[in-house]
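Listed below, chain by chain, are the residues.
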Amino acid sequence: MLTFYFLNVEHGDSIIIEYESPSGFVYGLIDSNNPANLSRPPALTKLQELGAKQLSFVVLTHPHMDHYNGLPAIIEFYRGKIGHFYCFPIGKYIPGRIKNLCSIYQKIHNSTESQTLKRQITELVTVFLYVKKYIGLKNWYEQNGYLNRILPEGFDEVSIEVILPPAKIKGSYFEMIKKGSTDIVNSSKLNDLSLALKFIYKEREIVLGGDGTYENWVDHERYCRRGQININGSVVKLPHHGSKHDCQLRVLEYLFDGGRKDKIAIISANGKSHPHKDVIKILSEKEINPYCTNLARECGANIENLTSYKELTPSFNRLLNTIATHLEKRIQPCQGDIQVSINSSGELRIKPQSQIPCPCRGDYDFLFDT
Amino acid sequence: MQADTLTNFDIADDSAVHLDLEPEKYRRTDGNNLSSFSRLEPKLKSDTNTDIDKNKYRLICTNKKKTMQVNHHQKTSQKNEVDGTIIRVEDTSFQCALSLQNKEIIVQLPKIFFPQDVKTGTAFNLSMDEYSGLRRPVVKIRPPKKEKMEYGNKELELLISELR
């Protein structure tokens with residue numbers, strides 16, 4: 001049995017993979033987010049709840065806070081018990097690359113007054129340090145490619161492939177690190193580096209899209225169609241939390257298996273800025289069943305009107321509510337944590353934390369039956 | 001009713017009450033009284049006992065004064081601007097940390113409000129400009145506060161040196 005736990009970590013990813021092999025259970029972790037900044041991030045709590053004594057692998061898809069927040073605490077907890085660490089291309093094999101990258105981040109850290117930004121940078125540097133200290137450089141693999149198979153221990157019957165980012169992305173990124181350019185952090189293109197993975201088990205494909213960008217998916221499509229290779233996802237964790245740009249019709253049509261009826265889209269977002277209503281609309285039209293960790297705006301989440309700060313005048317609060325998307329608390333959970341299992345016969349089972357009916361999945365269609 | 005009258009007059013202190021109770025003060029010396037005050041005068045004199053009403057008015061006004069003091073205090077502590085820092089650059093927006101009294105809140109602001117040459121770490125001030133009843137946000141780039149910049153630098157330096 002292969003089980004994926006998509007944790008409700010608001011706007012971010014935290015995915016635990018559990019595989020029941022003949023010799024027992026093995027675990028993997030993809031990204032971590034810790035929105036409440038708890039000393040024990042949600043992924044660690046869940047791993048302990050599941051009884052994970054060691055982790056076969058940990059993946060960091062790309063260097064954005066909503067994907068690495070809390071990772072140091074997990075790596076430290078499982079010190080010496082993590083088999084492999086896979087991350088976005090960073091050029092760790094080239095001497096001084098990590099040092100240069102950290103110097104860039106240090107430059108930004110020392111020139112900002114924002115405690116949030118400082119904390120984000122410190123957290124990322126701590127990830128690198130703990131991977132080096134507790135997992136070891138020899139077990140640290142940087143990944144890219146269109147179909148690059150990885151082999152973490154214990155996942156014998158499961159094929160795991162890295163399908164993004166394309167190798168060509170690395171060049172400009174490495175060049176910026178070499179030059180010590182702070183543009184590396186200022187770019188909106190950091191998502192281009194994001195890893196995406198494909199799991200194949202019992203003829204089912206599960207795609208974990210990371211924050212993969214539209215351009216990269218189109219590139220992937222071009223490459224794979226030439227080789228007559230397709231992605232036939234029956235479960236897809238939508239790229240970039242269901243963003244309008246990265247989950248366009250072309251991408252969704254490419255990622256999902258057109259022939260299957262039981263197609264599942266997992267959306268790990270806070271429902272405020274993501275997912276986009278157009279994405280939900282496409283999913284409905286394509287008869288893909290969405291499972292959102294939190295209520296989306298499209299479905300009635302009303303966050304803007306809830307926020308008000310005493311320090312600001314009522315009129316300024318109103319202005320702020322008009323122009324800004326608040327990413328603070330007051331999320332409205334929908335499905336919560338989502339558990340997706342594939343048994344040895346290839347049957348798919350979805351178990352959301354909250355069994356809330358969803359109009360986009362057709363759960364209310366019986367009302368219209370005559 | 002009397003309280004309403006006071007509110008309409010927007011009386012906030014005892015001297016104003018005193019004025020109301022002494023309509024003689026408004027009487028013009030040439031004998032031509034202003035019509036509005038002449039209407040007020042009989043009501044105050046004929047319907048009420050002056051001593052009792054003085055206290056009554058004072059009580060109302062004292063309360064009003066206190067309320068207004070609280071409001072005034074709140075108004076002075078409430079601001080029409082907030083300092084912030086860009087913490088993440090996205091396609092069409094910036095993720096920003098806005099500094100309130102004791103915490104930072106994270107919001108997304110459209111790129112269109114900002115000048116072009118901003119980047120992660122840029123400090124700014126967001127305020128509200130009001131013109132002909134229309135309110136619009138104004139973003140001004142400012143230098144970061146030095147006393148806050150130094151926070152955590154040594155810790156990061158230690159981490160990086162350990163990583164090397």
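Scroll up to find the structure.
Residues numbered from 1 in each chain as written. Chains lettered and ligands numbered in written order. Predicted model: local features only at pLDDT ≥ 70, side-chain atom pairs only at ≥ 80, totals over all residues. Heavy atoms only, no water.

1. Overview of the overall build of chain B
- Within chain B one finds 6 helices and 5 strands.
- About 10,900 Å² of surface is accessible on chain B, with carbon and sulfur atoms providing 52% of the total. (Helix = DSSP H or I, 4+ residues; strand = E, 2+ residues; numbered from the N terminus. Areas by Shrake-Rupley, 256 points an atom, 1.4 Å probe, with all protein chains shown as cover.)

2. Examining helix H1 (residues 42-50) of chain A
Residues and elements named next belong to chain A.
- Looking only at H1, the buried set comprises Ala 43, Leu 44, Lys 46 and Leu 47. Taken around the axis of H1, the buried residues stretch over an arc of 165°, which confines them to a single face.
- Packing partners of the buried residues in H1 comprise strand S1 (2-6), strand S2 (15-21), strand S3 (24-30), strand S4 (55-60) and helix H3 (71-77).
- Of the residues flanking the end of H1, it is Gly 51, one or two places downstream, whose phi is positive at about 85°. (Buried < 20%, exposed > 50% of the residue type's maximum accessible area, 1.4 Å probe, protein only. Arc of directions from axis to C-beta. Contact = heavy atoms within 4.5 Å.)

3. Remarks on the interface of chain A and chain B
- With 51 residues of chain A at the interface, the matching set in chain B holds 53 residues.
- Note on chain A versus chain B: buried area summed over both sides is about 4,700 Å², and carbon and sulfur give 58% of it.
- The three residues of chain A that bury the most area against chain B are Glu 113, Glu 311 and Ile 323 of chain A, which together make up 16% of that side's buried surface.
- In this structure, the connection of chain A to chain B is made through 3 salt bridges.
- With a shortest N-O distance of 3.2 Å, Arg 88 of chain B and Asp 66 of chain A are connected by a salt bridge.
- The tally of links from chain A across to chain B stands at 21 residue pairs in polar contact (both at pLDDT 80 or more).
- Mapped onto the side of chain A that touches chain B, the elements with two or more residues apiece are helix H4 (97-110), helix H5 (115-135), helix H7 (183-186), helix H11 (314-323) and strand S14 (325-326) of chain A.
- Here the side of chain A that touches chain B gets 13 residues from one element, more than from any other, and that element is H5 of chain A.
- Two strands pair when backbone bridges link them, and S14 of chain A and strand S3 (residues 104-110) of chain B are joined in this way by 2 bridges, in the antiparallel orientation. Residue pairing across strands places His 326 of chain A opposite Val 107 of chain B, the latter belonging to S3 of chain B. (Buried area = accessible area lost by both parts, 1.4 Å probe. Salt bridge = Lys/Arg side-chain N within 4 Å of Asp/Glu carboxyl O. Polar contact = N/O pair within 3.5 Å; in protein donor to acceptor, adjacent residues only side chain to side chain. Pairing = 2+ DSSP bridges.)

4. Notes on H5 of chain A
Residues and elements named next belong to chain A.
- A rise of 1.5 Å per residue sets the reference length of H5, with its 21 residues, at 30 Å; its end C-alpha atoms lie 29 Å apart and thus fit the reference within 8%.
- Counting buried positions along H5 gives 16 out of 21 residues, so the element sits mostly inside the fold.
- The backbone nitrogen of Thr 116 lies 3.3 Å from a side-chain oxygen of the residue at the head of H5, namely Ser 114.
- Phi turns positive, to about 100°, at Gly 136, one or two residues after H5. (Expected span 1.5 Å × (residues − 1).)

5. Let's talk about empty space enclosed by the protein
- Summed over the entire model, instances satisfying the criterion amount to 4 cavities of 30 Å³ or more.
- The calculated volume of the largest cavity comes to roughly 170 Å³.
- Pro 63, His 64, Gln 120 and Val 185 of chain A together with Ile 87 of chain B are the residues nearest the centre of the largest cavity, which is lined by 16 residues in total.
- If you list the elements that add at least two residues to the lining of the largest cavity, you get helix H2 (65-68) and H5 of chain A together with strand S1 (81-89) of chain B.
- For the lining of the largest cavity, the leading source of residues is H5 of chain A, giving 4 residues.
- Split by residue class, the lining of the largest cavity holds 11 nonpolar, 4 polar and 1 charged. (1 Å grid on protein atoms, 1.4 Å probe; cavity = no way out; pocket = protein on both sides within 12 Å on 5 of 7 lines; lining within 4 Å. Points joined across faces, edges and corners; volume = space filled by probe spheres on them. Nonpolar A, V, L, I, M, F, W, Y, C, P; charged D, E, K, R; others polar.)

6. Things to note about the pattern of salt bridges
- Tallied over the full model, the rule gives 21 salt bridges over all chains.
- Through salt bridges with shared partners, a single ionic network connects Glu 113 of chain A together with Asp 83, Arg 142 and Lys 145 of chain B.

7. Some details on the sheet that holds S3 of chain B
- Taken in spatial order, the 6 strands of this open sheet run S14(A)-S3(B)-S2(B)-S1(B)-S4(B)-S5(B), and their pairing is antiparallel. At either margin of the open sheet sits one strand with a lone partner, and together these are S14 of chain A together with strand S5 (134-141) of chain B.
- By the bridge criterion, 6 bridges tie S1 of chain B to strand S2 (residues 93-99) of chain B in an arrangement that is antiparallel. The partner of Ile 86 of chain B across the bridge, within S2 of chain B, is Cys 96 of chain B.
- Strand contacts of H5 of chain A: S1, S2 and S3 of chain B, with the helix running at about 25° to S1 of chain B, the strand carrying the most contacts.
- The strands touched by H11 of chain A are S14 of chain A together with S1, S2, S3, strand S4 (123-131) and S5 of chain B; relative to S4 of chain B, the strand with the most contacts, the crossing angle is about 110°. (Axes fitted to C-alpha atoms, helices over the stretch in contact; angles between N-to-C directions.)

8. Re unusual backbone geometry
All names here are of chain A.
- With an omega dihedral of 5°, the bond running from Leu 164 to Pro 165 counts as a cis peptide bond.
- Its location among the elements puts Pro 165 in the loop between strand S8 (159-164) and helix H6 (170-179).
- Across the junction of His 274 and Pro 275, the peptide omega takes the value 0°, indicating a cis bond.
- Relative to the helices and strands, Pro 275 resides in the loop between strand S12 (264-267) and helix H10 (277-285).
- Phi at Lys 202 takes a positive value of approximately 50°, unusual for a residue other than glycine.
- With respect to the secondary-structure elements, Lys 202 resides in the loop between strand S9 (196-201) and strand S10 (204-208).
- A positive phi angle, near 65°, is found at Glu 203, a position not held by glycine.
- Note on placement: Glu 203 falls in the loop between S9 and S10.
- Classification of Glu 203 by relative accessible area gives exposed; the value is 71%.

9. A word on the sheet that holds strand S7 (residues 148-150) of chain A
Residues and elements named next belong to chain A.
- As summarised here, the arrangement of the 7 strands in space is S7-S8-S9-S10-S11-S12-S13, forming an open sheet in which the pairing is mixed. Edge strands, defined here as strands with exactly one partner in the open sheet, are S7 and strand S13 (289-292). Between one strand axis and the next, the sheet turns by 20° as a mean value, whatever way the strands run.
- Two elements, S12 and S13, share 4 bridges in a ladder whose sense is parallel. Of the residues in S13, the one forming a bridge with Ile 267 is Cys 292.
- Relative to S8, helix H8 (residues 214-226) is tilted by about 115°, and along the sheet it contacts S8, S9 and S10.

10. Topic: the packing of H5 of chain A against helix H6 (residues 153-163) of chain B
- Running from amino to carboxyl end, H5 of chain A crosses H6 of chain B at an angle of 25°, the nearest separation of the two axes being 9 Å. Judged by the inter-axis angle, H5 of chain A sits roughly parallel to H6 of chain B. Where H5 of chain A crosses over H6 of chain B, the two elements pack in a sense that is left-handed. Listed contacts from H6 of chain B to Lys 118, Ile 121, Thr 122, Val 125, Thr 126, Phe 128, Leu 129, Lys 132 and Lys 133 of chain A of H5 of chain A are Asn 153, Leu 156, Leu 159, Ile 160, Glu 162 and Leu 163 of chain B.
- Among the residues making up the contact of H5 of chain A with H6 of chain B, the classes are represented as 8 nonpolar, 3 polar and 4 charged. (Parallel < 35°, antiparallel > 145°, perpendicular 65-115°, else oblique. Left-handed = near helix turned anticlockwise from the far one by under 90°.)

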